[in-house]
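# A look at the structure
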Amino acid sequence: MPRYSITTFGCQMNVHDSERMHDVLRCAGYTEAGSAEEADVLVLNTCSVREKAEQKLRSEVGRLARWKRERADRVLVVAGCVAQQEGERLLKQMRAIDVVVGPDNIPELPGLLGDLAIGGLPIARTVFDLDAPRFLVASPPSPSSSSSPRAAPTAFVTVMKGCDERCSFCIVPHTRGPERYRPSDEIVAEIAALVAAGTREVTLLGQTVNSYRDPLGALPRAPGASADDPDESEFAALLRRVAADVPGLARLRYTSPHPRHLTPSLVLAHAELPVLPRHVHMPVQSGSDRVLRRMIRRYTRAEYVARTRALVEAVPGLTLSTDIIVGFPGETEDDFAATLSLVREVGFKGLFGFKYSRRPHTPALKLPDDVPEGVKGERLARLFEASEALLGAHLSDLVGTTQEVLVEGRDKERGHGGAGGALWSGRTGRHEIAHIDGAGELDLLGEVVEVSITRANKHSLQAELTEAARAAARPRQRGGLEPRPARRSLPVVAAEGG
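Every chain's residues receive numbers from 1 upward, in the order its sequence appears when written. Per-residue local features of the predicted model are confined to residues with pLDDT of at least 70, and side-chain atom pairs are confined, for both listing and counting, to 80 or more; whole-chain, interface and lining totals are unaffected and use all residues. Just so you know, side-chain values use all the structure's heavy atoms and leave hydrogens and water out.

### Some points on empty space enclosed by the protein
Quick note on the threshold: Here the term cavity refers to a set of points on a 1 Å grid, laid over the protein atoms alone, in which a 1.4 Å probe fits but cannot get out; the term pocket refers to an open set having protein on both sides within 12 Å along at least five of seven lines, with lining residues being those that place an atom within 4 Å of a point. Grid points are joined across faces, edges and corners, and a volume is the space filled by probe spheres set on the points. In this description a helix means any DSSP run of H or I spanning at least four residues, a strand means any run of E spanning at least two, and both kinds are numbered starting from the N terminus.
Under the counting rule described, the total for this entry stands at 2 cavities of 30 Å³ or more. In this model, the largest cavity occupies a volume close to 150 Å³. In this structure, the largest cavity is lined by 15 residues; those nearest its centre are Asp-17, Pro-103, Arg-134, Leu-136 and Lys-161. Per-element accounting of the lining of the largest cavity gives the leading share, 4 residues, to helix α1 (residues 12-27).

### Focus: the packing of aromatic side chains
The line we're drawing: Working definition: a ring pair exists when centres of Phe, Tyr or Trp rings (six-membered ring for Trp) sit within 6.5 Å. Plane angles under 30 degrees give stacked, over 60 give edge-to-face, the rest tilted. Partly exposed residues are those whose accessible area sits between 20% and 50% of the maximum for their type, while under 20% is buried and over 50% is exposed, using a 1.4 Å probe and protein chains only. Note on geometry: a ring has a charge over it if NZ (lysine) or CZ (arginine) is within 6 Å of the ring centre and within 35 degrees of the ring normal.
Evaluation of the coordinates by the stated rule reveals 5 aromatic pairs. When the centroid spacing of 5.2 Å and the interplanar angle of 75° are considered together, the rings of Phe-328 and Tyr-356 count as edge-to-face. Residue Phe-328 is found in the loop between β13 (319-326) and α13 (333-346), and its partner Tyr-356 is found in the loop between β14 (351-355) and α14 (373-397); the two are separated by 28 residues along the sequence. With a relative accessible area of 0%, Phe-328 lands in the buried category. For Tyr-356, a relative accessible area of 3% translates into the label buried. A cation sits over an aromatic face here: Lys-161 above Phe-135, 4.9 Å from the ring centre.

### Concerning helix α12 (residues 301-314)
To keep it simple, the criterion reads: Expected helix span is taken as 1.5 Å per residue step, with the number of steps being one fewer than the number of residues. Taken from the helix axis, the directions to the C-beta atoms give the arc we talk about. Only heavy atoms enter the contact rule, under which two residues are in contact if any of them lie within 4.5 Å.
An ideal rise of 1.5 Å per residue puts 20 Å on 14 residues; α12 measures up with 20 Å between its terminal C-alpha atoms. Regarding α12, the residues found buried are Arg-301, Tyr-304, Val-305, Thr-308 and Leu-311. In an axial view of α12, the angular spread of the buried residues amounts to 130°, which keeps them on one side of the axis. More than 90 degrees from the buried face of α12, the exposed residues found are Ala-302 and Glu-313. Close packing links the buried residues of α12 with α10 (264-272), β12 (279-281), α11 (289-295), β13 and α13.

### A look at the sheet that holds strand β1 (residues 3-8)
The condition is simple: The pairing criterion for strands is at least two bridges between them, as found by DSSP. All axes here are fitted lines through C-alpha atoms, helices being fitted over the stretch that makes contact, and every angle between N-to-C directions spans 0 to 180 degrees.
Judged by pairing direction, the sheet is parallel, and its 6 strands sit side by side in the order β2-β1-β3-β4-β5-β6 without closing on themselves. This sheet does not close on itself; its edge strands, each paired only once, are β2 (31-32) and β6 (123-125). Note: strand β4 (residues 75-80) against strand β5 (residues 99-101), 3 bridges, orientation parallel. In the strand pairing of β5, Ala-79 is matched with Val-101. Contacts between helix α2 (residues 53-63) and the sheet are confined to β3 (41-46) and β4, with β3 contributing the most and set at about 165° to the helix. Against the sheet, helix α6 (residues 109-117) touches β3, β4, β5 and β6, its axis set at about 165° to β5.

### Observations concerning the packing of helix α9 (residues 235-245) against α10
What counts is decided by this rule: Here the angle decides the label: under 35 degrees means roughly parallel, over 145 means roughly antiparallel, 65 to 115 means roughly perpendicular, and every other value means oblique. Should the near helix be turned anticlockwise from the far one by less than a right angle, the crossing is left-handed, and should it be turned clockwise, the crossing is right-handed. The classification used treats Ala, Val, Leu, Ile, Met, Phe, Trp, Tyr, Cys and Pro as nonpolar, Asp, Glu, Lys and Arg as charged, and all other residues, Gly among them, as polar.
The geometry of α9 relative to α10 is characterised by a closest axis approach of 8 Å and an angle of 20° between their N-to-C directions. Relative to α10, α9 is oriented roughly parallel. In the crossing of α9 with α10, the sense of the turn from one axis to the other is left-handed. Here α9 contributes Phe-235, Ala-236, Leu-239 and Arg-240 to the contact with α10, which in turn contributes Ser-265, Leu-266, Leu-268, Ala-269 and Glu-272. Taken together, the residues of the contact of α9 with α10 sort by class into 6 nonpolar, 1 polar and 2 charged.

### Some points on the side chain of Arg-182
Our working rule: Polar contact criterion, stated in full: a pair of N or O atoms within 3.5 Å, where within protein one must be able to donate a hydrogen and the other to accept it, and residues adjacent in sequence count only if both atoms are side-chain atoms.
With respect to the helices, strands and loops of the structure, Arg-182 is situated in the loop between β9 (180-181) and α8 (184-196). Here Glu-190 takes part through its side chain, which lies 2.7 Å from a polar atom of the side chain of Arg-182. Residues contacting Arg-182, with those up to four places away along its chain left out, are Phe-135, Val-137, Val-157, Thr-158, Val-159, Ile-187, Glu-190, Tyr-212 and Pro-215.

### What to know about α9
For α9, the complete set of buried residues consists of Phe-235, Ala-236, Ala-237, Leu-238, Leu-239, Arg-240 and Val-242. Where α9 is buried, its residues touch α8, β10 (201-205), β11 (251-255) and α10.

Quick look at the structure:
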């Protein structure tokens, strides 16, 4: 059986695309290799949002040249946004690449590999599915089969792809195309199948996920939705349908929303649906109105603050995180000071910060990249310093409290019952990472357990099971079933955008 390996760069959307490539290749008869070195087919799923993405790809392909030379029948595939962005140019510039496949062409991958195996030439397929959008569906293990592995406790489900925003720094409209939405019937069916297989938490994915509209018009208007609001969508209605039709789902998250579509109907959904955790990631990018206009974000600082404040007031205890770009063309020290003041005013409990980098096919290329690299780095450091202070105070305030944690797997930092006896880790409803001490003998995978917070770490919490949670937990069986491992060969870095 041909063996494959996938290395993933980028955001949650790329992680999801890699999961679907696993499904497509397995269904076509491929088996997963133990390592990239053992693979017959190696897929590099690329991200083009960050700086020097093409150079990093070139370096990785160069590193793999020896792997290719060892066996003439080995195949190197480049997928993802760099594949979409560069297309056939990659084949001409890097002779080691055999197949280039865009995000919309993932279903074609087995056929492209088959053609190559019988003597076909290297090929690039980067065609947007504009006329008949295809959304790859997860293939969870059958809940009726005792020999099947458990479904992972958390899963991604795509509800839309592409982006109609034209933020001046963002390459996504070029690499992912215009917005295309998935019928709500299909979304609900996939979530129901995942939950039946054991998944407890689902994250809805989309480039601007809360702009969602059902292409078949199957959703009723959500409470609080205004027909006269140009920012209104059917996303709140989708959340309500998932909550009603899949009652076994423990948590329903989404990423990455756009502030324009944080409408009263979505705020009301958060206030009324217990399945929505008390945490939202809401990209802002800058706290300066002048910079927001140059970014073509289509909202002001005051509008962002008003909408997020309405959400926090409607859901007591809800926390916010965000994305911020420093050093955007023309950003002055006053502009950056406005960003710092916004971070403190909103009280973000986490952020992804980035230095601006010029990306091909973006409107910002017309602007001079006039903020020196050293200034960008210094501003980014100050931004992280402010963010760390807010997060540290927040985590310290949680010591001594009781929280509910969805256990996602073994504690990666502590290994299998290592120092401190920690074995399991997961996230609270507000997305804080929690490491659970002294539970090595218990089977907590996929369970929502009650814990007492014992210590605040720099970016996470240390916890112990409450007596009630320990009494209700199952003993861990040696050699028991485990979920599929995470499909990431490299750390996942959140992408600018949204």
